[in-house]
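What follows is each chain in one-letter form.
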Amino acid sequence: MVDSKPLLQDRPPAYNAVPGAYDYGPQPNSYGAIPAAAPPPYPYPDGQGLPAAQMGPAVSQQPYSTTYTIVQPSVVVVGGCPACRVGVLEDDFTCLGILCAIFFFPLGILFCFALRQRRCPNCGATFG
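Residues numbered from 1 in each chain as written. Predicted model: local features only at pLDDT ≥ 70, side-chain atom pairs only at ≥ 80, totals over all residues. Heavy atoms only, no water.

A. Spotlight on unusual backbone geometry. The backbone phi angle of arginine 85 is positive, close to 60°, even though this residue is not glycine. As for its placement among the helices and strands, arginine 85 is situated in the segment before β1 (90-93). (Helix = DSSP H or I, 4+ residues; strand = E, 2+ residues; numbered from the N terminus.)

Okay, here's the thing in structure tokens:
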């Protein structure tokens, strides 16, 4: 029962030891050199047999006086701060609203919610 597997000591040959490893074929020596002069351009025919172009009276065109204004749509974040456009507004109850809720209990809660102030935690701006 002898396996025919190679042992770990039998390593494959190194890449530079393989014959023809870096042989990419013949390389032209003109790489990066300035090419020879281009051939002369093709001569145009004399135009024999073509009718001459008829020219009409010259017409002057008025320059465009219309300008276009591109309006970029603004992204509005719901609940976002209109001052800094970064923070999100938070609701704060005013002292008057809390006092109305305490002293005029059932109806005072409506006044408390009506007298809220919205405040931005980022810039500190308050909105009534």
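B. Helix α1 (residues 95-103), seen in detail. The set of residues buried in α1 consists of Gly97, Cys100 and Ala101. Seen along its axis, α1 keeps its buried residues to an arc of 100°; they face one direction. Exposed and facing more than 90 degrees away from the buried side of α1 are Cys95, Leu96, Ile102 and Phe103. Elements in contact with the buried residues of α1: α2 (105-114). (Buried < 20%, exposed > 50% of the residue type's maximum accessible area, 1.4 Å probe, protein only. Arc of directions from axis to C-beta. Contact = heavy atoms within 4.5 Å.)

C. Looking closely at the pattern of salt bridges. Applying the stated rule across the entire model yields three salt bridges. Salt-bridge contacts for aspartate 91 lead to arginine 118; the nearest nitrogen and oxygen are separated by 3.2 Å. Of the two residues, aspartate 91 is situated in strand β1 and arginine 118 in strand β2 (residues 116-119); the sequence distance between them amounts to 27 residues. Residue arginine 118 is classed as partly exposed on the basis of its relative accessible area of 34%. Taken together, the shared-partner salt bridges in this structure form one network comprising Asp91, Arg116 and Arg118. (Salt bridge = Lys/Arg side-chain N within 4 Å of Asp/Glu carboxyl O.)

So yeah, pure geometry; function would need other evidence.
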